[in-house]
2 protein chains.
Amino acid sequence: MAGKKKALVAARTLKGFQDFLPGDALMRAEVIRRIQGVFELYGYSPVETPALEHLDVLLGAGGEEANKELFRLESPEEEPIALRFDLTVPFARLMAQYPEQIKAPFRRYAMGPVWRADKPGPGRFRQFTQVDIDAAGAATVSVDGEVVAVMCAVMAALDVPDYLVLINNRKLIDALLSDCGIDDPSRQKHVLRVIDKLAKVGLDNIRKELGGGRIDDSGDPIPGVGLNEDVIERLLTFIDISGADRRAVIAAMGEALTDTKLAQEALAEMTELAEALEALGVSEEHARFDPSLARGLDYYTGPVFEMILPQAREFGTVMGGGRYNQLVERFMKQPIPCTGMSVGLDRLLAALRHLGLVEAGKTAVQALVVTMGRVAKADTLKVARELREAGIRCEVFFASKKKMQMGNQLSHADHYGIPVAVIIGEDEIAQGVVSVKDLDAGKAGREDIEDRDAYREAGKTGQVTVSREEMVATVLGLLER
Amino acid sequence: MAGKKKALVAARTLKGFQDFLPGDALMRAEVIRRIQGVFELYGYSPVETPALEHLDVLLGAGGEEANKELFRLESPEEEPIALRFDLTVPFARLMAQYPEQIKAPFRRYAMGPVWRADKPGPGRFRQFTQVDIDAAGAATVSVDGEVVAVMCAVMAALDVPDYLVLINNRKLIDALLSDCGIDDPSRQKHVLRVIDKLAKVGLDNIRKELGGGRIDDSGDPIPGVGLNEDVIERLLTFIDISGADRRAVIAAMGEALTDTKLAQEALAEMTELAEALEALGVSEEHARFDPSLARGLDYYTGPVFEMILPQAREFGTVMGGGRYNQLVERFMKQPIPCTGMSVGLDRLLAALRHLGLVEAGKTAVQALVVTMGRVAKADTLKVARELREAGIRCEVFFASKKKMQMGNQLSHADHYGIPVAVIIGEDEIAQGVVSVKDLDAGKAGREDIEDRDAYREAGKTGQVTVSREEMVATVLGLLER
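Treat the numbers as computed from the prediction; the structure is a model and nothing was measured.

1. Brief notes about the sheet that holds strand E2 (residues 52-54) of chain A
All names here are of chain A.
- Ordered by their spatial adjacency, 3 strands build an open sheet running E2-E4-E3, and the pairing between neighbours is antiparallel. Two strands lie at the open edges of the sheet, namely E2 and strand E3 (72-74), each paired on one side alone. The mean angle between the axes of side-by-side strands here comes to 40°, regardless of whether they run parallel or antiparallel.
- Alignment of E2 against strand E4 (residues 80-83), held across 3 bridges, turns out to be antiparallel. Residue Leu-52 lies in a different strand from E4, and its bridge partner there is Leu-83.

2. Remarks on the sheet that holds strand E15 (residues 394-396) of chain B
All names here are of chain B.
- Across the sheet, which stays open at both edges, the 5 strands sit in the order E15-E14-E16-E17-E18 with mixed pairing between neighbours. Of all the strands in the sheet, the pair left with one neighbour each is E15 and strand E18 (463-467). Taking each pair of neighbouring strands and ignoring which way they run, the sheet shows an average axis angle of 25°.
- Note: strand E16 (residues 420-424) against strand E17 (residues 433-438), 4 bridges, orientation antiparallel. Considered in E17, the bridge of Val-422 is made with Val-436.
- Packed onto the sheet, helix H15 (residues 406-416) meets strand E14 (367-371), E15, E16 and E17 and runs at close to 175° relative to E14.

3. Structural notes on the packing of aromatic side chains
- Overall, the coordinates contain 12 aromatic pairs over all chains when judged by the stated rule.
- Seen from their ring centres, Phe91(B) and Phe106(B) are 6.3 Å apart, and the 20° between their planes marks the pair as stacked. In this pair, Phe91(B) sits in helix H4 (residues 88-97) while Phe106(B) sits in strand E5 (residues 106-115), placing the two residues 15 residues apart along the sequence. Phe106(B) matches Phe91(B) in its accessibility class, with the two residues each being buried.
- Look at Tyr299(B) and Tyr324(B): their rings are 5.6 Å apart centre to centre, the planes differ by 55°, and that puts the pair in the tilted class. With a gap of 25 residues between them, Tyr299(B) in the loop between strand E10 (287-289) and strand E11 (303-308) and Tyr324(B) in the loop between strand E12 (319-323) and strand E13 (338-344) connect regions that are remote in the sequence.
- In this structure Tyr324(B) comes out as buried when scored by relative accessible area, which is 1%.
- Taken together, the aromatic side chains of Phe91(A), Phe106(A) and Tyr416(B) make up a single cluster linked through ring pairs.
- Sitting over the ring of Tyr44(A), Arg107(A) keeps its end group 6.0 Å from the ring centre.

4. A look at the pairing of strand E7 (residues 164-169) of chain B
Residue and element names in this part refer to chain B.
- Where burial is concerned, most of E7 is hidden: 6 out of the 6 residues are buried.
- Of the two faces of E7, the one holding Leu-164, Leu-166 and Asn-168 and the one holding Val-165, Ile-167 and Asn-169 are both buried throughout.
- The sheet contact formed by E7 and E10 spans 3 bridges and is parallel. Across the sheet, the residue bridging to Leu-166 is Arg-288, located in E10.

Rules of the game
- Residues numbered from 1 in each chain as written.
- Chains lettered and ligands numbered in written order.
- Predicted model: local features only at pLDDT ≥ 70, side-chain atom pairs only at ≥ 80, totals over all residues.
- Heavy atoms only, no water.
- Pairing = 2+ DSSP bridges.
- Helix = DSSP H or I, 4+ residues; strand = E, 2+ residues; numbered from the N terminus.
- Axes fitted to C-alpha atoms, helices over the stretch in contact; angles between N-to-C directions.
- Contact = heavy atoms within 4.5 Å.
- Phe/Tyr/Trp six-rings, centres within 6.5 Å; stacked < 30°, edge-to-face > 60°.
- Buried < 20%, exposed > 50% of the residue type's maximum accessible area, 1.4 Å probe, protein only.
- Lys NZ or Arg CZ within 6 Å of the ring centre and 35° of its normal.

What follows is the structure, encoded as structure tokens:
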């Protein structure tokens, strides 16, 4: 194989897909670890489902757009199958499939890749990671309040100071549309799509799109819904209600809606939700009622929520969710009310990175064993073994002979950000000593004059020679700083 | 949607695919966490690549069988793509794609699902999890020794006492086949396939398959390779060499091979490998040279290794790997020698479970907040909040009204194995107290008479009423036991 001249295969990643090299992968793992900690604190347990599902399990569950974006293929038995587009539909499948093992109420978290054959763009990928919680058998919207509390607790665990959960209720929207006499489902969806753009295009443009339409910035015509003036005003008055005071927003919404049974139910849910948020200590700074919030997916039936980062609003929704009381009914007769939310990990990390709130890690490796001249490989491995037995994460440098110069080894440590080098040569091995080099000392020393004592202690170049017995303690000492 | 009578979608998992409910998912997460710890201790850093790759990246890299087992589909741009069948080929792609960011030597670990459209069977799945390490730019077989040491360290980290790594070298097999005059590649592969079955069918059957063929237990004829007696004896003498003493095995192999350059190189590699294993403290009890080991994948070029569990040999290989010096050359001109290994997580866990060495977890939840009668939901949530603020993983029971009886709530805790219940009613809230119930006490009390003091302390039924201020300390006290 080596000798033959074969055409090379181009090494490339699929369009819309990403590789994560160690710095990013370490950062992602740490973020996931913290999110997991929050989920478990709130009583959620892990569940895993496969990447592939029977097509009928996925098809139609998320609406037209989700259907179109499925990556479809065939099983070896030639059944139509597809890659999952979210973790919620497989969860609904699970609830119907394991009635003996999984008894409601059941809180589960899941994390993993999902696939959508979407148009890739900045922060939009065809494979992206979702990190979800869902609560099944959660009949009351207090559980929705708890889900919002989890969203906020995740941000606290990630040390993000500024975030905002917008909360609405599909029942409020239904009551509003009913008040306006908009009963046709496709017309209802059109109205929802328009009001969902409020934050993006502003009230004036929304007004035009609800009426006769408008011309957008690029000169393209956007057809309108064709509602009359009165109806438009009624809609706009409602979706324009805003404010941090959740009780005041509920009161204003009550004013704006006709007093029907549906409106009463929707407002009672929002009141219970407000009480739950207060009990859970979710401040009005971090979670607000916003009557303009609609959410894209078809399966929501009650409260819906989205988190945005006010300092990085252009990244859009970084978490989203809501109540979906009828999804499990696709699979079984018994209805199981559910609510939950999903963290769009890739988008959240892109936004946090933009804000300087996370940075790529460097390496998990704490020490590199470097050799000078002719050292028996077994001796090198023994040094590494001693370090590892003390719990020090340690790498041994091995390369072809011409790449074994010490400079090359140290620049390897520098490239990957390994903080300590343990250097051995034939003499060191014979004398039972090693040189321990603080690879950060060079840089730190120049910047930080105050740290002189420690500096001198470690030698002028941050390098000391110690006995083999002292090696572990010396390395640990450097790592502690 | 709820009102309409739609046909139900059958809730089922694809053939050869698995769902992991919380008990299993918790166990898997713990096992992965320990394996990751070992990988990092040996200087490996995490990398993630996507599930899908361009077809040409995967096709032909693993040999005919891997090609046949690919799950193929099309990208939205109508390019042929496929789900990865291992983590090694994407790693080779990575090494060629990021020469600036990834400089050899480079040790990376990866974990995630891979897909093979194989025949499912006990312990064989179409989606299974691999947990891999690979070292690139590792020119010398001391690194292979380190890989074997990692395999053993993983088993130690999982508290598995009895495991065995079998080690061979493709160069030894090449030298042997060359000695026997077997030069035709397809004939070579046939011979390898036959000797790979040694452990399964025994020496006598191997002898027949290398010659004229045999009839298997089911009466089916197995065609033979058609070698002559002398050649068969030569092959069998070689692959029958065995023993715990690695140096003795090397000597015996040297005796059995013609003294060619290839044989010398192969034996020198095995000697270096033996030295590395000694330096790393890998005992002969846990790692042996076995001249009959071949390994299925085409890309190996030097040492190969497989781990079996002698007490659960029927589960086959639970980890496997080897050196593959030419895989990166599919993507770039510069050769990058690599070695690595893969843990077949699903098979390993199946075997460990069979041996009683792992068991499914129950739940991560430590306390359930249970309500009696009419308690305001906000009050329930406040109790949970106090527990969480103390780091107690806690779930709140909410269900439809008719399912809120206390018996139902306690049987929920019992079903999921939640150890502590914090019980509140209207009176408790008014008086500022809670009841804390040790849900293990009932069972433990009956079995374990010695623990009486602690038992009495917690009350006869394991239930105590304490002030709200004492709640957290009381729960923590129970959890500590």
